[in-house]
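Spelled out from the first residue to the last, the chains are:
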Amino acid sequence: MKVLRYILLAAGALILQGTLLKLVAVGQVKPDLVLLVLFYMALLEGSFNATIAGFCMGLAQDVYSAELLGLNALCKSLIGFGLGYCKRGVFVETLVARALILFGAVVAHDILYFFISFWPDVSESLWQLVRYGLPTAFYTALLGYVVFYLMRPKEQVQSEQESP
Amino acid sequence: MARFTFWTDKSRQYIVLGCAFIISTVLLSMGSSQKLFLMKGLTITVLAPVQRGISLANQFWDVHTQNRRLKRLITELSLENQLLREAQLQNKRLRQLLDFRERKEWTSMLLTEVITMEPSREMNTITIGSGRLQQIEQYMPVVTAQGLVGRVSMPSENTSLVQLIKDRNCPVPAMIRRNRVSGILVYDNDFYLKNVLSRMDVVEGDTVISSGLGEQFPKGLLLGRVSKVYERSERQLFHKIEVEPAVDFNSLEEVFVIMKRSSEMREEER
């Protein structure tokens with residue numbers, strides 16, 4: 001059941017990424033919903049499942065887009081693994097910390113993505129990273145912060161209401 | 001065995017990562033070879049339902065965007081169409097005027113625009129966009145292709161005031177084209193042909209033209225058509241004849257000012 005829920009979540013993220021996210025795009029920058037879902041999965045399930053999820057979602061993106069087959073799969077597998085790995089060590093419960101880690105994850109993903117895409121043209125990769133990577137990371141982290149805030153556990157909400 | 005299981009549990013994430021890395025790298029290294037296309041084709045077939053969903057959502061969005069774009073386009077085209085229709089009507093009017101000028105004997109006519117219209121009960125005037133600088137003088141007749149409009153009453157530098165024949169103070173010497181019966185066309189809330197003796201033969205539908213008497217208006221300009229001949233008693237000396245004007249005074253846009261008759265020009269040349 002949990003697997004089905006994750007599959008639906010991933011499919012939903014993939015569809016939204018290619019369609020309705022145009023509506024919230026600022027210029028050509030839109031949040032990376034797939035990475036946000038991957039972050040959520042890694043947070044709950046750890047690196048093993050996050051690696052598989054990252055690979056599958058990345059592969060689906062590769063198939064759907066006309067880019068290099070395997071590029072998204074590779075980047076998202078590594079990011080999924082890294083995020084799952086972080087869960088054991090540096091993961092903290094505050095929303096700001098999660099948003100910061102998500103920001104780092106998107107930047108790391110885009111570094112990999114652009115450097116492989118434009119290899120050996122390093123300057124073009126850096127330009128793409130500055131032009132699209134960093135704004136996307138910021139936008140995704142901002143969206144992530146809102147999502148984490150809305151999805152915070154009931155106990156946390158209750159303690160926030162009780163505290164003066 | 002337990003040790004092996006522990007190792008496997010611990011390391012399975014690395015194994016998965018390694019597999020993902022290898023598969024991805026292999027896929028990347030395939031480049032644009034035939035295998036790549038085959039695999040892509042296969043995956044697309046498997047993921048076709050998902051893709052169809054994505055494409056449907058995209059189409060929905062595209063239809064929405066396209067709808068808005070088309071609505072804007074329709075408005076723009078509609079406005080353009082209105083302008084073109086207006087241009088077409090203007091073209092038709094100007095052609096009629098050109099044809100009129102070629103048909104008539106007055107060679108020196110100035111085509112000018114009507115700038116303002118001030119029709120009222122007391123004073124029926126229009127302002128035209130030509131004046132003394134264009135050699136417009138007082139009392140010059142003003143016409144359209146439909147017929148006589150009036151005369152220049154007050155020329156200024158670049159504009160002129162035209163007194164319409166639809167003014168009480170602008171009577172026009174007229175006659176019936178059919179039998180040359182003379183009278184005077186006068187406006188008194190309606191147009192009437194006055195001073196026509198009651199024994200003269202006038203019937204509804206007769207064409208009324210300017211007679212040229214008094215030399216203010218050239219002879220032969222169309223004024224209108226007899227719309228009603230009132231019944232006369234034996235004691236009445238004159239007919240009471242109502243005339244429907246040839247010119248629609250509410251839709252004047254361009255008019256001709258007759259500056260000189262061709263006969264006058266010929267005399268001057270001599």
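Residues numbered from 1 in each chain as written. Chains lettered and ligands numbered in written order. Predicted model: local features only at pLDDT ≥ 70, side-chain atom pairs only at ≥ 80, totals over all residues. Heavy atoms only, no water.

## A closer look at the nonpolar core
Piece 1. With 42 residues, the main nonpolar core has Val149(B), Ile165(B) and Leu252(B) as its most contacted residues.
Piece 2. Of all the elements, strand β12 (residues 254-260) of chain B adds the most residues to this core, at five residues.
Piece 3. Here this core spans two domains, since at least three of its residues come from each of domain 2 (106-167 + 252-261) and domain 3 (172-246) of chain B.
Piece 4. In this view, Val149(B) contacts Ile126(B), Val142(B), Val143(B), Thr144(B), Gln163(B), Leu164(B), Ile165(B), Val247(B), Phe249(B), Leu252(B) and Val255(B); residues no more than four positions away in its chain are not counted.
Piece 5. In this structure, Leu33(A), Val37(A), Ala60(A) and Leu95(A) belong to the second largest nonpolar core, which totals 27 residues. (Core = buried A, V, L, I, M, F, W, Y, C linked by side-chain atoms within 4.5 Å. Buried < 20%, exposed > 50% of the residue type's maximum accessible area, 1.4 Å probe, protein only. Helix = DSSP H or I, 4+ residues; strand = E, 2+ residues; numbered from the N terminus. Domains from an automatic or database assignment. Contact = heavy atoms within 4.5 Å.)

## Digging into the packing of helix α5 (residues 95-118) of chain A against helix α6 (residues 122-150) of chain A
Axes are the key here: two packed helices are described by the angle between their axes and the distance separating the axes.
All names here are of chain A.
Piece 1. Interaxial distance between α5 and α6 falls to 8 Å at its minimum, and their mutual angle equals 155°. As far as their axial angle goes, α6 and α5 are roughly antiparallel. Once α5 is placed against α6, the crossing between them reads as right-handed.
Piece 2. Within the contact of α5 with α6, the residues separate by chemical class into 22 nonpolar, six polar and three charged. (Axes fitted to C-alpha atoms, helices over the stretch in contact; angles between N-to-C directions. Parallel < 35°, antiparallel > 145°, perpendicular 65-115°, else oblique. Left-handed = near helix turned anticlockwise from the far one by under 90°. Nonpolar A, V, L, I, M, F, W, Y, C, P; charged D, E, K, R; others polar.)

## Section: the sheet that holds strand β7 (residues 182-188) of chain B
All names here are of chain B.
Piece 1. One closed barrel holds the six strands; their spatial order is β6-β7-β8-β11-β10-β9, and the pairing between them is antiparallel. Across the sheet, the mean angle separating the axes of adjacent strands is 45° when strand polarity is ignored.
Piece 2. As defined by bridge partners, strand β6 (residues 172-176) adjoins β7 across four bridges and the pair is classed as antiparallel. The residue of β7 that forms the bridge with Val 172 is Leu 185. (Pairing = 2+ DSSP bridges.)

Everything listed here is a matter of coordinates, which is why it stays silent on function.
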